Amino acid sequence: MSAVLDVVNPFDQTKVGSVELSEWDDIDAMLGVAHTLYRNRDGWLPAYKRIEILKETARQMSGRAEELALLIASEGGKPLIDARVEVTRAIDGVELCIHEIGQMSGREIPMDLTEAGSGRIAFTQREPIGVVVAASAFNHPLNLIVHQVAPAVAAGCPVIVKPALDTPLSCEAFVDMLHHAGLPKDWCSFAACQNDVAEKMIIDPRVGFFSFIGSARVGWMLRSKLAPGTRCALEHGGAAPVIVDETADLDAVIPLLTKGSFYHSGQVCVSVQRVYAPSGMVAEVAQKLADAAAALKVGDARDPNVDCGPLIRPTEVDRVEQWVDEAVQAGATVLAGGKRLGPTTYAPTVLLNPAAEARVSIAEIFGPVVCIYGYDTIADAFDAANGLDFAFQSAVFTKNLDTAMQAIQRLDATAVMVNDHTAFRVDWMPFAGRRQSGYNTGGIGYTIHDMTQDKIAVIQL
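About the thresholds
- Residues numbered from 1 in each chain as written.
- Predicted model: local features only at pLDDT ≥ 70, side-chain atom pairs only at ≥ 80, totals over all residues.
- Heavy atoms only, no water.
- 1 Å grid on protein atoms, 1.4 Å probe; cavity = no way out; pocket = protein on both sides within 12 Å on 5 of 7 lines; lining within 4 Å.
- Points joined across faces, edges and corners; volume = space filled by probe spheres on them.
- Helix = DSSP H or I, 4+ residues; strand = E, 2+ residues; numbered from the N terminus.
- Nonpolar A, V, L, I, M, F, W, Y, C, P; charged D, E, K, R; others polar.
- Expected span 1.5 Å × (residues − 1).
- Buried < 20%, exposed > 50% of the residue type's maximum accessible area, 1.4 Å probe, protein only.
- Arc of directions from axis to C-beta.
- Contact = heavy atoms within 4.5 Å.
- Pairing = 2+ DSSP bridges.
- Axes fitted to C-alpha atoms, helices over the stretch in contact; angles between N-to-C directions.
- Phe/Tyr/Trp six-rings, centres within 6.5 Å; stacked < 30°, edge-to-face > 60°.

Participant: What is the right way to read the layout of surface pockets from this model?
Facilitator: Rolled over the atoms, a probe sized like a water molecule indicates the empty space that remains. By volume, the largest pocket amounts to about 1,200 Å³. If you trace the largest pocket, you find 37 residues lining it, with F212, G214, S215, V218 and R313 closest to the centre. Of all the elements in the fold, those that place two or more residues in the lining of the largest pocket are α7 (195–202), β8 (207–213), α8 (216–225) and α11 (314–329). Of the residues forming the lining of the largest pocket, the biggest block, five residues, is contributed by α8. Tallied by class, residues from the lining of the largest pocket come to 20 nonpolar, eight polar and nine charged. Considered as a void within the structure, the second largest pocket measures approximately 360 Å³ in volume. Taken together, 19 residues line the second largest pocket, and the ones lying closest to its centre are R89, H140, Y263, A423 and R425. Those elements that provide at least two residues to the lining of the second largest pocket are α4 (80–101) and α5 (143–155). Top contributing element to the lining of the second largest pocket by residue count: α4, with four residues. Among the residues making up the lining of the second largest pocket, the classes are represented as eight nonpolar, four polar and seven charged.

Written as structure tokens, this is what we have:
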């Protein structure tokens, strides 16, 4: 008999649902069926059928939008106002997959460029890459699943999805909607399981593509164990830097920094963590941000008036508390927060000039903490921003075009936001980490491309 996992609300730890955990025998059977489906080319789902399924899935999601938002808030602790936005994005993501099916085209390859190739025509097609295994994170429990699973459906790949065990209910709901929309059940399997079982699934040679969203430590470890031939995409995190220069309009900057720093209590892979401001105005920037942080309401994410919900687990509150306390002991000044508010919540925190070697300065805190540092020259700011092994999204606030262009050229990041916070994203743009922050590129169209592969036909006339 399968074990049952109770899912709790991270704010008050009350049970909000449960899921059955899959054991290895269950996973082995899923992999076997999925691999057989992929190997049987006559049984591949045609494009029009995949379009019909995704259209109906989006329609179901729209009809259940408020229910899904409450589920996200209940199991993941994301404030209801942001959970509603997540549902809208997830629906848009499914519809974007429908659009991208029509873009999965090949091209003609000119053959008569040399005498050896003359007398031939050639063209490419895109084919599904194989069985997709997706392992997801807790912080966007519906939209991340959409980004991993819906592209697999669009590409024509059988998919097995392992959600974060903190937030499996949104994933299960999405998979159920796919099935009710007409996707045969074996083409998408829900596999909530413990990590040892998940690892065995991920490194199985029947896997064609592995999609991972989570910590760098786990992601790189799993990549090192993949079976020969398995492709992958890894999305980790970072400690996103923001540079403010002396021309920036602080009245416009502070609301954006506040959102980018404390959205979902900082539990976002591109959350603002390090802000660099000129030494002559760093105190003003820090105090204004602290005032904004202090005004945020912290509490139960299901309360529509709450700005910041709980951290995902009480142990995460313990960890954030420890990191902040260490920074303060090493000389950082607390301008807002700096304390836990309860067993599951931590106050939105602004730290001024933490030590360069403090953990809040060199590692992803994944909590409601932002650090402000002064700089003497813009070159110093670029050096500090680029000084970690992580490189994901970054930002600059300036009215000076030269400074903006310098930032775009010199910041080591896959995205540089000008006059916006680092957590900005639309789901059709490339979204990726450099170096330890990830491998390969996310974004709906990019993911579908990775889940397909080229085949060329060469015809001698």
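Past the structure itself, the notes keep going.
Participant: Help me understand α11, please; the structure alone is not making it clear to me.
Facilitator: A turn of α-helix holds 3.6 residues, and therefore any two residues three or four places apart point the same way. The terminal C-alpha atoms of α11 lie 23 Å apart, and with 16 residues this matches the ideal 22 Å at 1.5 Å per residue to within 8%. Within α11 the residues assigned to the buried category are E316, V317, R319, V320, W323, V324 and A327. For α11, the buried positions fall inside an angular range of 165 degrees around the axis, keeping them on one side. Tucked into the core, α11 has its buried residues touching β13 (349–352), α12 (359–362) and β14 (369–375). Backbone geometry just after α11 places G331 at a positive phi near 120 degrees.

Participant: Could you clarify how one ought to interpret the sheet that holds strand β12 (residues 333–336) in this entry?
Facilitator: The strands that make up a sheet are held in pairs by hydrogen bonds between backbone atoms, and each pair lies either parallel or antiparallel. Reading across from one edge, β12-β13-β14-β11-β10-β16-β17 is the order of the seven strands in this open sheet, with mixed pairing throughout. Because the sheet does not close on itself, it has two edges, and the strands there are β12 and β17 (415–418). In this sheet, adjacent strand axes meet at a mean angle of 25 degrees when their direction is disregarded. Pairing of β12 with β13 involves three bridges; the strand directions are antiparallel. Along β13, the bridge assignment pairs V334 with L351. On top of the sheet, α11 reaches β12, β13 and β14; it is set at about 25 degrees to β13, its chief contact.

Participant: How should I be thinking about the packing of aromatic side chains in this particular structure?
Facilitator: Two numbers describe a pair of aromatic rings. These are the distance of the centres and the angle of the planes. Across all of its chains, the model carries five aromatic pairs by this definition. Between Y38 and W44, the ring centres sit 5.7 Å apart and the planes meet at 20 degrees, which makes this aromatic pair stacked. Pair check on accessibility: Y38 and W44 agree, each one buried. Aromatic side chains Y276 and Y373 sit 5.1 Å apart centroid to centroid with 20 degrees between the ring planes, which places their arrangement in the stacked category. Note that Y276 is positioned in strand β11 (residues 272–278) and Y373 in strand β14, a separation of 97 residues in sequence. Of the two residues, Y276 and Y373, neither departs from the other in class, the shared state being buried.

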